Amino acid sequence: MSGSIEFQQTIERPAVCAGIGVHSGEKARLVLKPAPAGTGVSFRRTDISGPGTLIPASAEYVSDTQLGTTLTNEADVSVAVVEHLMAALAGVGIDNLLIEIDGPEVPIMDGSSAVYCELLMQAGLRRQAAPRRRIRILEKIEIEDGPKRASLSPSEDNLLTLRARIEYDDTLIGVQQMALRLAPGMFARDLAFARTYGFARDVDMLRTMGLARGGSLENAVVVDNGEVMNPEGLRSEDEFVRHKMLDAVGDLMLAGAPIAGRYDAVQPGHSINNLLVRKLLDTPSAWCWESDEMNQSLVASRTSAAI
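Scoring rules and cut-offs
- Residues numbered from 1 in each chain as written.
- Predicted model: local features only at pLDDT ≥ 70, side-chain atom pairs only at ≥ 80, totals over all residues.
- Heavy atoms only, no water.
- Helix = DSSP H or I, 4+ residues; strand = E, 2+ residues; numbered from the N terminus.
- Rg over C-alpha atoms; globule rule 2.2 N^0.38 Å.
- Contact = heavy atoms within 4.5 Å.
- Lys, Arg positive; Asp, Glu negative; His and termini not counted.
- Charge placed at Lys NZ, Arg CZ, Asp CG, Glu CD.
- UniProt positions renumbered as here; feature names shortened; annotations may be inferred.
- Pairing = 2+ DSSP bridges.
- Axes fitted to C-alpha atoms, helices over the stretch in contact; angles between N-to-C directions.
- Parallel < 35°, antiparallel > 145°, perpendicular 65-115°, else oblique.
- Left-handed = near helix turned anticlockwise from the far one by under 90°.
- Nonpolar A, V, L, I, M, F, W, Y, C, P; charged D, E, K, R; others polar.
- Buried < 20%, exposed > 50% of the residue type's maximum accessible area, 1.4 Å probe, protein only.
- Polar contact = N/O pair within 3.5 Å; in protein donor to acceptor, adjacent residues only side chain to side chain.
- 1 Å grid on protein atoms, 1.4 Å probe; cavity = no way out; pocket = protein on both sides within 12 Å on 5 of 7 lines; lining within 4 Å.
- Core = buried A, V, L, I, M, F, W, Y, C linked by side-chain atoms within 4.5 Å.

Colleague: Whenever I open this one, the overall build of the chain confuses me. Can you help?
Modeller: If you tally the helices and strands in the chain, you get 7 helices and 20 strands. Relative to its length of 307 residues, the chain is compact, with a C-alpha radius of gyration of 19 Å against a globular reference of 19 Å. In terms of overall dimensions, the chain has a C-alpha envelope of 70 × 45 × 35 Å along the principal axes. Restricting to contacts in the chain with at least 6 residues of sequence separation, those with at least 24 account for 73%. In the chain, the 30 positive side-chain charges and the 41 negative ones have mean positions that sit 5 Å from each other.

Colleague: Looking at this structure, I do not really get the UniProt feature "active site" (unreviewed entry) in the chain. What am I missing?
Modeller: With numbering aligned to this structure, UniProt lists the feature "active site" (unreviewed entry) at H270. If you trace the backbone, H270 turns up in helix 6 (residues 270-281). For H270, the residues in contact, after removing those within four places along its chain, are T65, L67, G68, T69, E83, D247 and D251.

Colleague: It is not clear to me how the sheet that holds strand 18 (residues 227-228) should be interpreted in this structure. Could you clarify?
Modeller: Working definition: the strands of a sheet are paired by backbone hydrogen bonds and lie parallel or antiparallel to each other. The strand order across the open sheet formed by 3 strands is 16-17-18, and the pairing between neighbours is mixed. Each edge of the sheet is formed by a strand with only one pairing partner; in this case those strands are strand 16 (197-199) and strand 18.

Colleague: Explanation requested: the packing of helix 1 (residues 83-92) against helix 2 (residues 114-123) in the structure shown.
Modeller: Axis angle and axis distance: for two packed helices, these are the angle between their axes and the distance between the axes, and together they describe the pair. At a minimum axis separation of 9 Å, helix 1 and helix 2 run at an interaxial angle of 50 degrees. The angle between the axes of helix 1 and helix 2 places the two elements in the oblique class. Judged by the twist between their axes, the crossing of helix 1 over helix 2 is right-handed. Contacts between helix 1 and helix 2 involve H84, L85, A88, L89 and V92 on the former and, on the latter, Y116, C117, L120 and M121. In the contact of helix 1 with helix 2, the residues fall into 8 nonpolar, 1 polar and no charged.

Colleague: How should I be thinking about the pairing of strand 17 (residues 221-224) in this particular structure?
Modeller: Two faces make up the sheet, and in a regular strand the side chains alternate between them. Alignment of strand 16 against strand 17, held across 3 bridges, turns out to be parallel. In the sheet register, F199 faces strand 17, and the bridge partner there is V223. Pairing analysis gives 2 bridges linking strand 17 to strand 18, with the strands arranged antiparallel. Within strand 18, the residue paired with V223 across the bridge is V228. In this antiparallel pair of consecutive strands, strand 17 and strand 18, the connection spans 2 residues, and N225 shows a positive phi of 50 degrees.

Colleague: Please explain the side chain of D292 as it appears in this structure.
Modeller: Checked against the element boundaries, D292 lands in helix 7 (residues 292-306). Residue classification places D292 among the buried positions, given a relative accessible area of 7%. A polar contact is formed between the side chain of D292 and the backbone nitrogen of E6, at a distance of 2.8 Å. A polar atom in the side chain of D292 sits 2.9 Å from the side chain of R134. Contacts of D292, omitting those with residues within four sequence positions, involve S4, I5, E6, R134 and N158.

Colleague: Mind showing me how you'd approach the UniProt feature "binding site: Zn(2+)" (unreviewed entry) in the chain here?
Modeller: Per the UniProt annotation, the sites labelled "binding site: Zn(2+)" (unreviewed entry) are H84, H243 and D247. Sequence-wise these annotated residues cover 164 residues; spatially they are packed, their C-alpha atoms never more than 9.5 Å apart. Restricting the annotated residues just mentioned to those that line the largest pocket leaves H84, H243 and D247. You can see H243 is positioned in helix 5 (residues 239-252). If we ignore the near neighbours within four places in the chain, the residues touching H243 are H84, G111, A194, R195, T196 and Y197. Note on placement: D247 falls in helix 5. Of the residues examined, D247 reaches a relative accessible area of 8% and is grouped as buried. Setting aside its immediate chain neighbours within four residues, D247 contacts E83, H84, H270 and N273.

Colleague: Help me understand the nonpolar core, please; the structure alone is not making it clear to me.
Modeller: A general tendency of soluble globular proteins is for nonpolar side chains to be buried together. Ranked by internal contacts, the top residues of the largest apolar core, which has 74 residues, are L32, F43, L71, L89 and Y263. For this core, the element with the most residues is helix 5, which contributes 7 residues. Once residues lying within four places of it in the same chain are set aside, the contact partners of L32 are I11, R13, P14, A15, L85, L97, L98, I99, L119 and L120.

Colleague: Quick question: what am I supposed to make of the packing of helix 5 against helix 6 here?
Modeller: Where helix 5 contacts helix 6, the two axes come as close as 9 Å, and the packing angle between them is 35 degrees. Seen from above, helix 5 lies across helix 6 with right-handed handedness. Note on element contacts: helix 6 touches helix 5 through H270, N273 and V277, opposite D247, A248, D251 and L252.

Colleague: Help me out: how do you make sense of the sheet that holds strand 6 (residues 62-64) in this one?
Modeller: The sheet built from 3 strands is open, its strands ordered 6-7-8 with antiparallel pairing. The sheet terminates laterally at strand 6 and strand 8 (78-79), the two strands that pair on one side only. In the sheet, strand 7 (residues 70-72) pairs with strand 8 via 2 bridges, with the strands oriented antiparallel. What sits directly across from L71, in strand 8, is V79.

In structure tokens form, the structure reads like this:
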């Protein structure tokens, strides 16, 4: 057992950005603010007056998973497409943050988490005087929905290990799979740049459904019969599965703490990710809270007893 203790983190100073929502097409301004240790991540709608404007970033508040993860509180106040920002928080190692937003949807930026990672690093990370708590997976939890599967299972270290596989009829994507151990710095290097994607054939249908109103080649990879429509092409050949893993990191962050375990998925998506987290939290025997401070106290007590 190492003598080091991981501490909770927030940001050193506020950070601001603005952009357009990929589905609503509405502009929104974000102000990321430091938050006290133990308070977690929450959103506050500043364009709405009165009580009930605070929305905890928690799986139990997920109200919609259609092409994005939407959170809604008891006052029916919502914020949509939170997953890319939540993934950046998980990847950088932020535990506590207040996110003020003056619109209904988190800006899509370039369709990835890269801008948010850069924003957080520019704001600086501040260690807080409280040990970081992890969710330790103790037994396997699995969700199946037709061809889609996702599971969380125990691992021997304190990190989240991800494995995902996707398969599409489109020849450009085909079958892609990837595994990644989410060690410090790995998210920013290997996943953050991967953009959201869609198919040209679906654009008109999505817009009639009130979705993708802000979508463009500037914030999404668009595939049309085996070809990429974006002039700059792909950022990596397997950008598609990397983005699915990015989404999973953001959705799993809604468990309320970093997860020490293994995530395995086939054809993953926001819906099955949320169902998996909810099933985990509803199965007390499958997980426990853990921190390095707790582990050291346990080792010390066992050593004393042995003596």
